[in-house]
Amino acid sequence: MTVLRHSYNAKAMDRIQWRGLDRAENSSSAVRIESVRRAFAGGAVVFDQFSLDVAAGEFLAILGPSGCGKSTLLRLIAGLDQPQAGTISAATRDHIAYVFQDAHLLPWRNVLQNAALPLEFRGISKAERQDLARNALEMVGLSDAMQQYPNQLSGGMRMRVSLARAMVTQPRLLLLDEPFAALDEITRQHLDEQLHQLWQRTKLTVVFITHSTSEAVFLANRAVVLSRRPARIVVDKLIDLPIDRPASIRGSTEFAEQTRTIYQALERGEAV
Amino acid sequence: MKKIAPPLLAFMFVVIIWWAYVHFTHVADYLLPSPQAVLQALIVNRAELLESLGWTALAAGAGFLGGAVLGISIGVLLSTSAVLRRAIYPYTIFFQTVPIIAIAPMLLFWIGAGISSVIVCAIVVCVFPVIANTLVGMRSTDPALEDLFTLYVAGPIERMWKLRLPSALPAIFTGLRVAAGLAVIGAVVAEFVVGLIVGSVGLGVRIVGDSKKASTDDAFACIILASTLGLALLGIVNLASHIALRRWHASER
């Protein structure tokens, strides 16, 4: 696989089509974490000899006890944090998008300007930026709210702007850190459905952190459960459900079975 | 009407109490003039008072602008480097603690007796709250947004313009509000000292002269004008703040 940590080239990036990572042209890993060690000042060892591969085009859900290092893992993948030992290879920053637990929009910008923000650092003309932002907002169902400011929006709408902002650069790797945890159940399920469709359509690689077993099963095609610190992989399993997942799948026996397996793994992870 | 009625009523209440006190205690004019006497002084001397007000307004306004530009610049500069901050910030506190009445004569000797030294005095008095608030604002941006800008590979200038400065705006306006009043104080105090030397112009100069002649009604007229000037400056800052923040900040909604 190619390790892409070179500096960013604006012109080369501009013309990437709406497709994320093409499985055929790069069939290996989208993220490769090898023997990584990360300890914080004060002595807490979060990762030691930790390895994990994420295949291109995969939707990986990561679960684990609070404080086990899930967010740290995401920050390491994004290059926002550095390991003390081991290697991490992933897409370059230009191809990574990151979504936080809260929307973290710029309150002084309206929805359209917020969604267009990442494009402003790539030498793209204003007209084109607005076009791309409009498309991204349309994708998350926010065409009617483009002129509104974040403080006029509900929590769910803000999160969708955040998602549109992440997708506007047409990333190859989408990292989400418990993005819908602060939302009510119905809004969350609705956004889960949108995200799943988005992934199906664009075939990008997604790493998704969550506390919810049912959310993990609904969204992902692979789930990894981590133990308490130092984090080990307790379970690494493919979610055995069809790729097309209508909302009704949540009521099926298979769904319940998958959820139970992961739940049991979570309990084992707590016990370590 | 609902907005201006409460302050107007409060003002009338104070004036009535004032009038009643003077009227019933027969306190001497030079200790406390009656409201009518002050009003009369305002009307009779309106030409000279307006000229004085103009000078003081010019000095305070220029001092405020100077303090704002200097204060925001220093605050932004200090926010960029921890080393710079540790080296310089403690000394900016000098501006806040300096007894302005003591150094005003010195400023006068250094710069010369005239409006420029009055402006400098106003700057010295009003610059610190702008520095301190700008610095706090620049340093309290959302860490998640800082991370996001790192992922965007944003340069330092872009980070400044698109993230830190807008985030700092509410705090900067807080600093400017404090500075508006202080600039008038700085200008009037400087004029006290200027008056001793050249004997002309601004409200501060006039207040010193009137006090010496025990014409307290004239002095009161000047004080009222100086306060009004401070309020006007504050009003301009509030208006600017409203225009800049109304769409997105809780303080202006």
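Calculation criteria
- Residues numbered from 1 in each chain as written.
- Chains lettered and ligands numbered in written order.
- Predicted model: local features only at pLDDT ≥ 70, side-chain atom pairs only at ≥ 80, totals over all residues.
- Helix = DSSP H or I, 4+ residues; strand = E, 2+ residues; numbered from the N terminus.
- Buried ≥ 20, exposed ≤ 12 C-beta atoms within 10 Å, placed from the backbone.
- Contact = placed C-beta atoms within 7 Å.
- Pairing = 2+ DSSP bridges.
- Axes fitted to C-alpha atoms, helices over the stretch in contact; angles between N-to-C directions.
- Left-handed = near helix turned anticlockwise from the far one by under 90°.
- Nonpolar A, V, L, I, M, F, W, Y, C, P; charged D, E, K, R; others polar.
- pLDDT = per-residue confidence, 0-100.

### With respect to the overall build of chain B
And step 1. Across its full length, chain B holds ten helices and zero strands.
And step 2. Secondary structure elements in chain B, listed N-terminal to C-terminal, are α-α-α-α-α-α-α-α-α-α.
And step 3. Each principal axis of the C-alpha atoms in chain B carries an extent, and together these give about 75 × 50 × 30 Å.
And step 4. Here chain B holds 253 residues, and 39% of them are scored as buried.
And step 5. When contacts within chain B are restricted to residue pairs at least 6 apart in sequence, long-range pairs at least 24 apart make up 76% of them.

### So, the sheet that holds strand 2 (residues 45-55) of chain A
Residue and element names in this part refer to chain A.
And step 1. Across the sheet, which stays open at both edges, the three strands sit in the order 2-1-4 with antiparallel pairing between neighbours. The outermost strands of the open sheet, each flanked by one partner alone, are strand 2 and strand 4 (85-89). Neighbour-to-neighbour, the strand axes of this sheet turn through a mean angle of 15 degrees, independent of strand direction.
And step 2. One ladder, built from seven bridges, connects strand 1 (residues 29-39) with strand 2; its direction is antiparallel. When the sheet's bridge partners are listed, R32 is paired in strand 2 with D53.
And step 3. Where helix 2 (residues 70-78) meets the sheet, its contacts fall on strand 1, strand 2 and strand 4, and the angle it forms with strand 1 comes to roughly 120 degrees.

### Points about the packing of helix 3 (residues 46-79) of chain B against helix 6 (residues 115-139) of chain B
Residue and element names in this part refer to chain B.
And step 1. The geometry of helix 3 relative to helix 6 is characterised by a closest axis approach of 6 Å and an angle of 35 degrees between their N-to-C directions. For helix 3 against helix 6, the interelement crossing comes out right-handed.
And step 2. Per-class residue counts for the contact of helix 3 with helix 6 are 23 nonpolar, seven polar and one charged.

### A word on the pairing of strand 8 (residues 222-226) of chain A
All names here are of chain A.
And step 1. When you tally the buried positions in strand 8, you get four out of five residues, the bulk of the element.
And step 2. For strand 8 and strand 9 (residues 233-238), the ladder comprises five bridges, and the chain directions are antiparallel. Residue pairing in the sheet places R222 in a bridge with L238 of strand 9.
And step 3. Hairpin connection from strand 8 to strand 9: six residues lie between these consecutive antiparallel strands.

### Section: the confidence of the model for chain A
All names here are of chain A.
And step 1. Averaged over all residues, the pLDDT of chain A equals 86, while 90% of them reach at least 70.
And step 2. Model confidence for chain A, summarised as mean pLDDT per element, is weakest for helix 1 (residues 10-14) at 34 and strongest for helix 3 (residues 111-116) at 97.
And step 3. Predicted confidence for residues 1-26 stays below pLDDT 50, and this span has 41 contacts to residues more than four positions away or in other chains.

### Re the interface of chain B and chain A
And step 1. Counting residues at the interface gives 14 residues for chain B and 14 residues for chain A.
And step 2. Elements represented by at least two residues in the side of chain B that touches chain A include exactly helix 7 (143-151) and helix 8 (156-198) of chain B.
And step 3. Classifying every residue of the side of chain B that touches chain A by side-chain character gives nine nonpolar, one polar and four charged.

### Let's talk about the environment of T92 of chain B
Residues and elements named next belong to chain B.
And step 1. Note on placement: T92 falls in helix 4 (residues 82-97).
And step 2. Taking the C-beta count within 10 Å as the criterion, T92 has 18 such neighbours and is therefore assigned partly exposed.
And step 3. Along the backbone, T92 and R46 are 46 residues apart, and their C-alpha atoms lie at a distance of 40 Å.
And step 4. T92 has contacts with I74, F128 and I131, leaving out every residue within four places of it along the chain.

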